[in-house]
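# Architecture at a glance
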Amino acid sequence: MSVSEFDIIERFFHWPCLQRPEVRLSVGDDAAELALSAHERLVLQSTQYLEGVDFHREDSADSVAHRLLAKAASSLAACGAKPFSFTLALSMPAAASEDWLQAFSRGLENSARTMQLALIGGDTTRGPRAAVLHVHGTLPDHIAPTPRTGAAPGDLVYVTGQFGDAALALLHETGELQLIRADREAATRALRFPDVNLASGSAAAGIARCARAIDTSLMENLAGMLADSGCGATVQAHYVPLGPATRNNLERAGGWNLPWNGPAPGTLCFIVPAAEQARFERALQEAESECTWIGLVERSPGLRCYLEDGSAL
Ligand code: ADP
Ligand code: MG
């Protein structure tokens with residue numbers, strides 16, 4: 001590796017203040033070493049972001065980094081694991097500006113700090129702009145990972161996080177809807193710097209039947225989870241918790257279609273056996289995670305969404 005690549009790592013990806021007890025060898029060593037306790041298993045997840053596909057040249061690099069880490073960590077959380085560290089493989093054209101790297105590293109460090117994740121190594125190469133994260137989490141020995149499918153008739157549908165604001169930000173960016181400043185800031189934050197409630201995933205481990213991080217939209221991801229499980233559901237569309245900007249603009253932004261059919265990064269959907277309802281709600285409450293019941297799984301395929309007045313969404 002050339003001196004300038006060592007320089008890049010030292011300046012942008014060496015954060016000694018973000019350390020975790022599980023990490024023995026880290027950035028600067030030939031490889032990373034993780035030491036788990038005797039009663040934990042390691043769970044891994046990989047997420048790749050390519051310029052032109054998952055992000056665009058004009059996107060601010062701090063937001064690209066934040067979304068990448070949020071996406072990887074929420075997938076790991078959905079399967080019940082507690083993320084604690086990650087590696088970063090970054091490729092950039094020779095002409096990549098220092099400003100871009102600076103912003104990328106700032107966004108990554110901020111979101112890593114918020115989620116308490118240590119960056120433990122990676123690779124830095126020349127090439128098209130792309131980033132790959134491998135996130136590492138733990139799961140207690142006696143708990144199985146929460147699968148992506150397996151919903152059964154009678155199960156309950158829950159969501160965590162808030163919906164609508166990221167979709168509202170897109171409407172604002174395309175000029176379809178004007179927002180006052182406070183709403184614009186809340187919406188932009190939900191799209192560009194989404195919060196991830198990691199604690200809800202590990203709290204639900206061993207209780208929820210299946211779970212998914214919402215990556216396209218609640219409608220699409222929930223419908224997919226049900227179809228893969230061979231069943232359907234009836235949900236109360238208006239039970240879905242809204243972000244603050246969506247609460248102020250729901251009608252003019254197209255109503256409940258917005259939170260159901262738009263992006264909602266950082267949110268999770270859980271399917272819970274009815275017999276586990278009390279245990280699930282208590283576990284999430286203890287993890288200081290708000291969860292909201294929105295509907296019921298049924299034998300009949302398809303996702304039926306109703307509004308308060310009984311009309312279909
Ligand atoms: P070389 O290419 O000379 O083998 P490495 O690829 O091993 O060097 O990188 C040197 C050190 O820097 C390693 O500890 C590696 O994990 C770390 N590293 C490289 N790129 C990154 C990055 N983008 N983020 C974090 N750590 C990195
Ligand atoms: Mg290298």
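The following paragraphs examine the structure supplied in this document. For clarity, every value in this text was computed on a predicted model and none was experimentally measured.

## A few points about the packing of helix 2 (residues 61–78) against helix 3 (residues 98–115)
The geometry of helix 2 relative to helix 3 is characterised by a closest axis approach of 6 Å and an angle of 35° between their N-to-C directions. In terms of crossing hand, the pair formed by helix 2 and helix 3 is right-handed. On helix 3, the residues that touch Ala61, Asp62, Val64, Ala65, His66, Leu68, Leu69, Ala70 and Ala73 of helix 2 are Trp100, Ala103, Phe104, Arg106, Gly107, Leu108, Ser111, Ala112 and Met115. Partitioning the contact of helix 2 with helix 3 into residue classes produces 13 nonpolar, three polar and two charged.

## What about the sheet that holds strand 4 (residues 82–92)?
Strand order in the open sheet made by the four strands is 3-6-4-5, with mixed pairing throughout. In the strand order of this sheet, the two ends are held by strand 3 (40–50) and strand 5 (118–126), each with one partner. Each strand of the sheet is rotated relative to its neighbour by a mean of 15°, with strand direction disregarded. Sheet analysis places strand 3 next to strand 6 (residues 130–140), joined by 11 bridges and oriented antiparallel. In the sheet register, Tyr49 faces strand 6, and the bridge partner there is Ala131. Lying on the sheet, helix 2 is in contact with strand 3, strand 4 and strand 6; it crosses strand 3 at an angle near 145°. Contacts between helix 3 and the sheet are confined to strand 4 and strand 6, with strand 4 contributing the most and set at about 170° to the helix.

## Let's talk about the site of ligand 1
Taken together, 13 residues lie near ligand 1, and Gly28, Asp29, Gly122, Asp123 and Thr124 sit nearest. At 2.8 Å from an oxygen atom of ligand 1 is found a main-chain nitrogen or oxygen belonging to Gly28. Contacts to ligand 1 include Asp29, whose backbone N or O atom sits 2.5 Å from an oxygen atom. Protein contact buries 78% of the 550 Å² of open area that ligand 1 shows by itself. Counting residues per element, the shell around ligand 1 draws most heavily on strand 5, which supplies five residues. Grouping the constituent residues of the shell around ligand 1 by class yields six nonpolar, five polar and two charged.

Rules behind the numbers
Residues numbered from 1 in each chain as written. Chains lettered and ligands numbered in written order. Predicted model: local features only at pLDDT ≥ 70, side-chain atom pairs only at ≥ 80, totals over all residues. Heavy atoms only, no water. Axes fitted to C-alpha atoms, helices over the stretch in contact; angles between N-to-C directions. Helix = DSSP H or I, 4+ residues; strand = E, 2+ residues; numbered from the N terminus. Left-handed = near helix turned anticlockwise from the far one by under 90°. Contact = heavy atoms within 4.5 Å. Nonpolar A, V, L, I, M, F, W, Y, C, P; charged D, E, K, R; others polar. Pairing = 2+ DSSP bridges. Near = heavy atom within 4 Å. Polar contact = N/O pair within 3.5 Å; in protein donor to acceptor, adjacent residues only side chain to side chain. Areas by Shrake-Rupley, 256 points an atom, 1.4 Å probe, with all protein chains shown as cover.

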